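# An overview of the molecular structure
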Amino acid sequence: MSIWEFANPRRFVHLTDTLLPWTTAGTVLLMGVGLVWGFFFTPDDYAQGSTVKIIFLHVPSAMLAINIWFMMLVTSLVWLVRRHHVSALAAKAAAPIGVTMTLIALFTGAIWGEPMWGTYWAWDPRLTSFMILFVFYLGYIALWAAIEDPDTAADLTSILCIVGSVFAFLSRYAVMFWNQGLHQGASLSLDKADHVANVFYIPLVISIAGFILFFITLVLLRTRSEIHARRISALLARERQG
Amino acid sequence: MIALMKRDLQLALRSGGGFGLSLAFFLIVVMFVPFGVGPESAVLARIAPGILWIGALLSCLLSLDRIFQLDYEDGSLDLLATAPLPLEGIVAMKAVAHWLTTGLPLTVAAPVLGFLLNLPVEGYLWVFLSLAAGTPALSFLGTFGAAITVGLKRGGLLLSLLVLPLYIPTLIFGAQSVTRVVEGQSNSTAFAILAAISLFTFALIPFAAARALRVNIR
Amino acid sequence: MELTVTNLGCRRGELRVLSGVSFSVRGGTALILRGPNGSGKTTLLRTLAGLAPADGGTISMPREALAYAGHADGIKAQLSVAENLRFWADVFGHAGIDAALDMFDLRPLAHRQAQHLSAGQKRRLGLSRLLVTGRPIWLLDEPTVSLDTESVAIFGRMIAGHLADGGMAIVATHIDLGLETAETLDIAQFRASGEDHANPFLDDGFADWGNP
């Protein structure tokens, strides 16, 4: 049994029927535990006070914001190479979630930045990179919205996603060259003791897992709706043609 | 392929849109900056490299939607696609023609406009060199955007939204190439990367844009 | 030389327009495509020209043997008649534009800018472009639109000359071009039904939606 079998829209829809209850339950459980634990059952940080707790929203959303773009890049490549409709529709379905996560990361970052750095916004390389990622998302979504024929839209947005990825990556190094920033190092690294204390680490990981499941649930649901929409338009076209 | 470029240049000259419009726009943008930020020459001198780069970049944007739109509407693009030229070569020639009619005049005009903004003496050479090295990347990336949006009825606004984010690295390294010299630092890294971005777009964009064109004419 | 098309399928956007298109054209003959509006004549010609992707099937000749002339003539208004032709001659690596200028009586107009031509004159210029492509198979989509009777006659002679040289033409038209070696193909017979097994969204396995 190959993974490509789920590239068939019908099989994919049936698969989501089975998966969605589980991912939904997992999302509620992990997000609930992670966030409640993070907000109410962790001590205040000695330096940052209670403001540190926004980390449980900020870090997962920021990780997703970047990784959703990666997922769109991979699904776009799959569409261009293998022409699996589900792949293209999954990229389309993921983009609005990605842009929302980027916005959440930017807003929570601003709220966190005010007490920490004394400013809501600074042209720090990482903040700037997220702003740039945000406009890349906007362009991608606008292109999907502008083209009527769904296969043409899938082709063109995929090409844009690939070229955009290259230049988004270049932009990230460009802003690092352009301005050295305020940001602390990566919040999560393999040797966890580095940046985040143990008390925060476990609820953070749970919260991240919850966000990932949340994303999976949403993207499955949205891809399914896109498949339904394509099915309806295909049926209408068949009706017209007789 | 030379014939294609010759024709595009001829058309740009005869329709009067090419050189004149984007240069006039560049002048107006540069002129507006003192109106916006005030006439103190110290302030202007500080922001001059960035303003010149942003002005050139925006002026470049103006004529992008004409790269393929007219050929698409009058059927030339269909005929070119069935001609013995590779579509990648057509894209490259279109981008070169766009650069010759916009990027090159802007590059030549920028040092003159730098005078209006009180650009420090050391900056003039590098404004010219950085624009000469960077505007080809703007033309190639713009050609890609034009290829993506050619089938759309009101593609102009969308074209800007798609292309501007792609311009970010070029703008940063281009403006840094000038700013660093003016501030007495070495600009060799910035300038080398700027040139590398241009070369990179020459290699990558024709393939991506040709693919987009094939999708749009089918 | 023979052009053979076997079991070709054509799409217009998401829709399958034609399926199982099969025919062959020998050198020196023309094929006239007939069919009501919207039956897919333009789509078929664009598919043959390689502009639209074929939905299965084979075409025996390479794209490089085909010259396409669609509804739009690809004429640049700011260039003169001669410059327009010269450009296409250069693109197709063909030397002379003299034969093309003479064929449609365009020589008196050679230095006039194309924006000052009438619709019929533009059409004549667009069609004479075929002569500078040097390609053996012409794909013509409603070539006689806005031509007067006299020009239609000239155009008929132009195609006849091309066929006499061993070329071929596939023409979508409703006008009799006076060609002796023309066969007619009614493409209504290839009209695709709404059934499209290649479209995964029409999979009948979806039928259990709504009543799980």
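Residues numbered from 1 in each chain as written. Chains lettered and ligands numbered in written order. Predicted model: local features only at pLDDT ≥ 70, side-chain atom pairs only at ≥ 80, totals over all residues. Heavy atoms only, no water.

## Description of the confidence of the model for chain B
Going by this rule: For every residue, the predictor assigns a confidence score, pLDDT, that lies between 0 and 100.
In this model, chain B carries a mean pLDDT of 91, and residues with pLDDT of at least 70 account for 98%. In the predicted complex, the global pTM is 0.92; the interface-specific ipTM is 0.93.

## Looking at the nonpolar core
Side chains of nonpolar character tend, in soluble globular proteins, to be buried together. Rules: We define a nonpolar core as any set of buried Ala, Val, Leu, Ile, Met, Phe, Trp, Tyr and Cys residues linked to one another through side-chain atoms lying within 4.5 Å. Note on exposure labels: buried denotes an accessible area under 20% of the residue type's maximum, exposed denotes more than 50%, and partly exposed covers the range between, all computed with a 1.4 Å probe on protein chains only. Note on conventions: DSSP H or I runs of at least 4 residues are helices, E runs of at least 2 residues are strands, and numbering of each starts at the N terminus. By definition in these notes, contact holds between two residues if any of their heavy atoms fall within 4.5 Å.
Met72(A), Phe144(B), Phe23(C), Leu44(C), Ile159(C) and Ile170(C) are the most contacted members of the largest nonpolar core, which totals 183 residues. Of all the elements, helix H5 (residues 150–178) of chain A adds the most residues to this core, at 12 residues. Every residue in contact with Phe144(B), bar those within four places of it in the chain, is listed here: Ile159(A), Leu160(A), Val163(A), Leu166(B), Ile205(B), Ala208(B) and Ala209(B). If you look at the next biggest cluster of nonpolar residues, it comprises 11 residues, including Leu20(A), Leu89(A), Phe201(C) and Phe206(C).

## What to know about the packing of aromatic side chains
Rules: Centres within 6.5 Å make a pair out of two Phe, Tyr or Trp rings, where for Trp the six-membered ring is used; the pair is then stacked when the planes are under 30 degrees apart, edge-to-face when over 60, and tilted otherwise. For a lysine, the NZ atom is tested; for an arginine, the CZ atom; a charge sits over a ring if that atom is within 6 Å of the ring centre and within 35 degrees of the ring normal.
A full pass over the atoms with the stated rule returns 17 aromatic pairs over all chains. Arranged with centres 6.2 Å apart and planes meeting at 75°, the rings of Trp69(A) and Phe136(A) form a pair that is edge-to-face. Within this pair, whereas Trp69(A) is found in helix H2 (residues 55–82), its partner Phe136(A) is found in helix H4 (residues 125–146), the two being separated by 67 residues in sequence. Of the two residues, Trp69(A) and Phe136(A), neither departs from the other in class, the shared state being buried. Geometrically, the ring pair formed by Phe32(B) and Phe35(B) is tilted, given 6.0 Å between the ring centres and 40° between the ring planes. Pair noted here: Phe32(B) and Phe35(B) are both in helix H2 (residues 18–37), with a separation of three residues, about one helical turn. The exposure class assigned to Phe32(B) is partly exposed, which follows from its relative accessible area of 48%. Geometry around Trp79(A) places Arg83(A) over its ring, the cationic atom sitting 4.3 Å from the centre. Across from the ring centre of Trp88(C), 5.6 Å away, lies the NZ or CZ of Arg129(C), which sits over that ring.

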